[in-house]
Amino acid sequence: MDFRKIAEGVADRLQKYYKTAEGWTSAKKSKNFEISYRQSEEFSGHLYKGEAIYNCPPKTVFDYVEPLPDGPRAKWDTNMKKIEILKWIETPDLRINRACTASAMLGLISPRDFVDLILVRETDECFSTNAISIEYPECPEVKDHVRGWNWSCGMICVKYPDDPNKCKLVSLIQPDIKGMLPKNVVESAIPGSMVEFFTKLEEALKKDGKISS
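Position labels on residues start from 1 in each chain and follow its written sequence. Restriction of local features to residues with pLDDT of at least 70 applies here, the model being predicted, together with a cutoff of 80 or more for giving and counting side-chain atom pairs; totals for whole chains, interfaces and linings are based on all residues. Values reported for side chains reflect all heavy atoms of the structure, with hydrogen atoms and water molecules removed beforehand.

Draft legend 1. The pairing of strand E10 (residues 153-159), seen in detail. Counted residue by residue, E10 has six buried out of seven residues, so it is predominantly covered. Here, any two strands with at least 2 DSSP bridges between them count as paired. Elements are defined by DSSP. Helices are runs of H or I of four residues or more, strands are runs of E of two residues or more, and each kind is numbered from the N terminus. By the bridge criterion, six bridges tie E10 to strand E11 (residues 167-173) in an arrangement that is antiparallel. Opposite Ile-156, over in E11, you have Val-170 as the bridge partner. When a residue's accessible area, from a 1.4 Å probe over protein chains only, is under 20% of the maximum for its type it is buried; when over 50% it is exposed; and in between it is partly exposed.

Draft legend 2. Seen up close, the layout of surface pockets. Lining residues are defined by having an atom within 4 Å of a point belonging to a cavity or pocket. Those points lie on a 1 Å grid over the protein atoms alone, cavities being sets where a 1.4 Å probe fits but cannot get out and pockets being open sets with protein on both sides within 12 Å along at least five of seven lines. Grid points are joined across faces, edges and corners, and a volume is the space filled by probe spheres set on the points. In this structure, the largest pocket encloses a volume near 1,000 Å³. As for the largest pocket, its lining consists of 38 residues, and the residues nearest its centre are Arg-73, Met-80, Thr-101, Phe-114 and Ile-173. If you list the elements that add at least two residues to the lining of the largest pocket, you get strand E5 (94-101), strand E6 (112-122), strand E7 (126-133), E10, E11 and helix H4 (183-207). Residue contributions to the lining of the largest pocket peak at seven residues, all from H4. Each residue gets one label: Ala, Val, Leu, Ile, Met, Phe, Trp, Tyr, Cys and Pro are nonpolar, Asp, Glu, Lys and Arg are charged, and the others, such as Gly, are polar. Taken together, the residues of the lining of the largest pocket break down into 21 nonpolar, eleven polar and six charged. Considered as a void within the structure, the second largest pocket measures approximately 240 Å³ in volume. Lining the second largest pocket are 13 residues, with Asn-32, Ala-52, Ile-53, Tyr-54 and Glu-202 sitting closest to its centre. Counting residues per element, the ones that place at least two in the lining of the second largest pocket are strand E3 (46-54) and H4. No other element matches H4, which puts four residues into the lining of the second largest pocket.

Draft legend 3. Expanded view of the environment of Ser-110. Mapping Ser-110 onto the fold places it in the loop between E5 and E6. Taking the relative accessible area as the measure of exposure, Ser-110 reaches 27% and is therefore partly exposed. The sequence separation of Ser-110 and Lys-206 amounts to 96 residues, and the corresponding C-alpha distance is 31 Å. Look past the residues within four positions of Ser-110 in its chain and what remains in contact with it is Ser-103 and Val-146. Each polar contact in these results corresponds to two N or O atoms within 3.5 Å; when the atoms are within protein, one needs to be able to donate a hydrogen and the other to accept it, and residues that are neighboring in sequence are counted only if both atoms are side-chain atoms. Within the structure, the side chain of Ser-110 is placed 2.7 Å from the side chain of Arg-112, a separation counted as a polar contact. Throughout, a contact is declared for two residues whenever any of their heavy atoms are within 4.5 Å.

Draft legend 4. Molecular detail of the state of the cysteines. Note on terminology: disulfide denotes any pair of cysteine sulfur atoms within 2.5 Å. Inspection of the entire model under this criterion finds zero disulfides. Cys-100 forms no disulfide, and the closest cysteine sulfur to it belongs to Cys-139, at a distance of 8.0 Å. In this structure Cys-100 comes out as buried when scored by relative accessible area, which is 3%. Of all cysteine sulfurs in the structure, the one in Cys-157 sits closest to Cys-153, which takes part in no disulfide; the separation is 14 Å.

Draft legend 5. Molecular detail of the side chain of Arg-98. Following the sequence through the fold, Arg-98 ends up in strand E5. With relative accessibility at 9%, the residue Arg-98 sits in the buried group. Among the polar contacts listed, one links the side chain of Arg-98 to the side chain of Asp-113, at a separation of 2.9 Å. Dropping the residues within four chain positions of it, Arg-98 is found in contact with Lys-82, Ile-83, Glu-84, Leu-86, Asp-113, Phe-114, Val-115, Cys-139, Val-142, His-145 and Arg-147.

Structure follows, in structure tokens:
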């Protein structure tokens, strides 16, 4: 399996999704963020896009959302119960992760785990983490988690050339969490979980003194 070729393809797809302006339906919107969705090109569900602006350097925001066992996200993202690196394919930008999520919707959605191939990229425009689930026999399913599947997903921290202390964070997700729940029940929970993610991130950045006034 050519892991780098797969991951580069995911990163290119995510840039295309981010830069496609048409076809999105707004699900939630405030002065601080917007959550929208459209039909996925990769499976029968939806592709969700969340956008939020932070008065914080893009590299700092990126470090806070990168799913690393010893990174800030492991501390502030309470929905992420465990993050582990299963294998470094090529240091420092290409790896295989396992992430375990907490139950959701008052326990209606049981804990999930995802095994993802992740590529980190930096360009003149942004920092990004680009992921897709893969079959990885070295990490079999465990009985207390349902094995979910992430189609192309990631975080893009967009730089503002005229303001190094400001960035736009774009979250693109299209998870298939498997299990027995009806798809409409699962998808109704996703926009709210994305709002919670953006809100908790802002709280963590403020608490750690990272946000500019």
